[in-house]
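Each chain is listed here by its residues.
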Amino acid sequence: MQKKIKSALISVFYKDGLENIVKLLDEHGITIYSTGGTQQFIEGFGIKVIPVEDLTSYPSILGGRVKTLHPSVFGGILGKRDDETHLKEMEQYKIPEIDLVIVDLYPFEETVASTNEEKLIIEKIDIGGPSMIRAAAKNFRDLLVVAAKKDYAELESLLRDQQGSSSLEQRRSFASKAFQIVAHYDVAISRYFDPHGSEFFQSSYASPLPMRYGENPHQSARFYGDLSSLFDQLNGKELSYNNLVDVDAAMQLIRELGKTSFAIIKHTNVCGAAQRDTVKEAWDAALTGDPESAFGGVLVCNGSIDAATANAINEIFFEVLIAPSFEEEALAILRSKKNRILLQLKKNAVQNEQFKSLLNGVLVQQTDEGNYKEWNEAGGKESNASEKQDLAFANIICKNLKSNAIALVKQRQLIGKGCGQTSRIDSLRQAIEKSRQFQFDLNGAVMASDAFFPFSDCVQLGHEAGIAAFIQPGGSIRDKDSIEYCKNNGLAMVLTGTRHFKH
């Protein structure tokens, strides 16, 4: 069902992109109603505008808080054109029909991002805008609503190619987008007042980015968010779903590692990590930890990539490299492979909450922040300075492995890891086997566990392999078994009071 636009109500915060629209409206002889700054903007092109105040017989009052909230405006938007009662009432009260509503919203999110001053933020909560958008979208059978400047091009095409007429399908499409815009706006306001959304689960992200496919080729996928605020992509193909999952894991890990660190991520698990004095040394040590698993991995470091490091990295196949900066010569080397993804980190994403969809709802939890709550030396000896460094490093690595997780570290280098096993002892066996596969000497190494030792078997097996110090949260009813073993054998054991399960 085609509808011809004869009148339009325009009230926008951002005027850019509006010029061509209002000129086309004027060419088609469409009556324009407007107010405030938008009215002045349109009149600046010599186009006649009827002030909204002429409809309402009221000026803009209360500092602009009330200007369009009036029956003469909302009646013209909500009136059903095929309802005789509506038409008679509109005629009785001299309410003109409005066929097009162009309204955007006050920049609430931008204001929250730029200031902590509550008075300024509150004034950017739009009232009239969302009300007009919802009213126009509700009455999509009779009028068209445009609620964002990104849709101006589509409206301009409609005005030019269809001579100001729209189909029911087009009006419904615009209405759908309008409701989504208002819903996103309301969620932003709600989360400002209650960041944790205690009554309802509320989360809204804009700018959907289509993925080539999801976790597997037969699954469709999209990413909602602004990746450009986190990093610049300097080279390579589009990030895939699996790339993004691993990039997230890499960024979570690197923000917790001090000094100069390099890590290699594979299927969200750390398969190589080291801290050294230089980026090149850190890379060499991280790769040595498990050169097989590094193939096709995601690499991340917290230092600048120089030419020497780039040449070393260039020898292996990898999907993504993340770093805060790249020297020009290093970039030239790494760009030799056109599909290789290079990301220059601007800032790290810090989320206070995590959520996932499961069963028939959403599970929300506080992000697992920090390394340890306490440092309780409970073993047969106190860990020395070098062991303390290794234990703290190992505990962070273990935190970023899938449970059940074990990390073996020596001189701030991951030399063995076990993860995703259904028993902790199996994870330890896996970690020891990995270290032996690449000919590491476990004598004097340390071991981290993401959760308590339910029995003393892990400590015994670790000790037999050469482990000298252990770190674990504690909390088992049989903690004393592991502690007593360490005391009897002169081994260090640190209890942290912080479990780091990761499923």
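Residues numbered from 1 in each chain as written. Predicted model: local features only at pLDDT ≥ 70, side-chain atom pairs only at ≥ 80, totals over all residues. Heavy atoms only, no water.

**Concerning the packing of aromatic side chains**
At step 1: Under the definition given, this model contains 10 aromatic pairs.
At step 2: Look at Phe201 and Phe355: their rings are 5.0 Å apart centre to centre, the planes differ by 70°, and that puts the pair in the edge-to-face class. Of this pair, Phe201 sits in the loop between helix 10 (168-193) and strand 8 (208-210) while Phe355 sits in strand 16 (residues 353-358); the two residues are 154 residues apart in sequence, bridging distant segments of the chain.
At step 3: For Phe201, a relative accessible area of 44% translates into the label partly exposed.
At step 4: For Phe355, a relative accessible area of 41% corresponds to the partly exposed category.
At step 5: Grouping aromatic residues by their ring pairs yields a cluster made of Phe108, Tyr185, Tyr192 and Phe193.
At step 6: Between the NZ or CZ atom of Lys149 and the centre of the ring of Tyr14, over which it lies, the distance is 4.7 Å. (Phe/Tyr/Trp six-rings, centres within 6.5 Å; stacked < 30°, edge-to-face > 60°. Helix = DSSP H or I, 4+ residues; strand = E, 2+ residues; numbered from the N terminus. Buried < 20%, exposed > 50% of the residue type's maximum accessible area, 1.4 Å probe, protein only. Lys NZ or Arg CZ within 6 Å of the ring centre and 35° of its normal.)

**Overview of the sheet that holds strand 19 (residues 406-409)**
At step 1: Spatially, 18-23-22-21-19-20 is the arrangement adopted by the six strands of the open sheet, whose pairing is mixed. Looking at strand neighbours, the two that pair on one side only are strand 18 (376-377) and strand 20 (414-418), the edges of this open sheet.
At step 2: Looking at chain direction, strand 21 (residues 446-449) and strand 22 (residues 469-472) are connected through three bridges and run parallel. Among the inter-strand pairings, Ala448 is bridged to a residue of strand 22, identified as Ile471. (Pairing = 2+ DSSP bridges.)

**Things to note about the side chain of Thr496**
At step 1: Relative to the helices and strands, Thr496 is located in the segment after strand 23 (492-495).
At step 2: A distance of 3.2 Å separates a polar side-chain atom of Thr496 from the backbone nitrogen of Thr498.
At step 3: Beyond its immediate stretch of four places on either side in the chain, Thr496 contacts Tyr372, Lys373, Glu374, Asn395, Ile471, Gln472 and Pro473. (Polar contact = N/O pair within 3.5 Å; in protein donor to acceptor, adjacent residues only side chain to side chain. Contact = heavy atoms within 4.5 Å.)

**Section: helix 15 (residues 385-399)**
At step 1: Helix length check: helix 15, at 15 residues, gives a terminal C-alpha distance of 22 Å against a target of 21 Å (1.5 Å per residue), a fit within 8%.
At step 2: Taken together, the buried positions of helix 15 are Glu387, Asp390, Leu391, Phe393, Ala394, Asn395, Ile396, Ile397, Cys398 and Lys399.
At step 3: Its side-chain oxygen placed 3.2 Å from the backbone nitrogen of Ser386, Asn384 serves as the N-cap of helix 15. (Expected span 1.5 Å × (residues − 1).)

**Here's the deal with the sheet that holds strand 6 (residues 144-146)**
Sheet strands pair by backbone hydrogen bonding; their relative direction is either parallel or antiparallel.
At step 1: Pairing within the open sheet is parallel, and its five strands lie in the order 4-3-2-5-6. With partners counted over all chains shown, the strands left at the sheet margins are strand 4 (50-51) and strand 6, one partner each.
At step 2: By the bridge criterion, four bridges tie strand 2 (residues 7-11) to strand 3 (residues 31-34) in an arrangement that is parallel. Across the sheet, the residue bridging to Ile10 is Ser34, located in strand 3.
At step 3: Across the sheet, helix 2 (residues 36-43) is in contact with strand 2, strand 3 and strand 4; its angle to strand 3 comes to roughly 140°.
At step 4: Its contacts with the sheet place helix 9 (residues 152-161) against strand 5 (100-103) and strand 6, and it is angled at close to 145° to strand 6. (Axes fitted to C-alpha atoms, helices over the stretch in contact; angles between N-to-C directions.)

**Focus on a nonpolar patch on the surface**
At step 1: On the surface, Phe201, Tyr205, Tyr224, Phe355, Val362 and Val364 cluster together to form a nonpolar patch covering roughly 550 Å² of accessible area.
At step 2: Tracing the backbone through its elements, the reader meets Tyr224 in strand 9 (residues 222-224). (Patch = residues over 30% accessible without salt bridge, like charges linked within 9 Å, V, L, I, M, F, W, Y side chains within 5 Å. Areas by Shrake-Rupley, 256 points an atom, 1.4 Å probe, with all protein chains shown as cover. Salt bridge = Lys/Arg side-chain N within 4 Å of Asp/Glu carboxyl O.)

**Regarding the pairing of strand 12 (residues 269-276)**
At step 1: Judged by how many residues are buried, strand 12 sits mostly within the fold: eight of eight residues are covered.
At step 2: When strand 11 (residues 260-266) meets strand 12, the two strands line up antiparallel, connected through seven bridges. Bridging across to strand 12, Thr260 finds its partner in Arg276.
At step 3: Between the antiparallel neighbours strand 11 and strand 12 lie two residues, among them His267 with a positive phi of about 50°.

**Let's talk about the environment of Thr288**
At step 1: Tracing the backbone through its elements, the reader meets Thr288 in helix 12 (residues 279-289).
At step 2: Through-space distance from the C-alpha of Thr288 to that of Ala274 is 9.5 Å; in sequence the pair is 14 residues apart.
At step 3: Not counting the four nearest positions on each side in its chain, Thr288 is found in contact with Gln413, Phe438 and Phe440.
At step 4: Here the side chain of Thr288 touches Asp284 through a polar contact of 2.6 Å, landing on its backbone oxygen.

**Section: the environment of Val270**
At step 1: By secondary structure assignment, the location of Val270 is in strand 12.
At step 2: If sequence neighbours within four positions are ignored, Val270 has contacts with Leu253, Ile264, Ile265, Ile397, Asn400, Leu401, Leu414 and Lys417.

**Some details on the side chain of Ser427**
At step 1: Tracing the chain through its elements places Ser427 in helix 16 (residues 424-437).
At step 2: Residues contacting Ser427, with those up to four places away along its chain left out, are Asn404, Ala405, Ile406, Gly418, Cys419 and Gln421.

**Side note on helix 2**
At step 1: Turning to helix 2, its buried residues number three or more, namely Thr38, Gln39 and Ile42. Here the buried residues of helix 2 occupy an arc of 100° about the axis, which is enough to place them on one side. (Arc of directions from axis to C-beta.)

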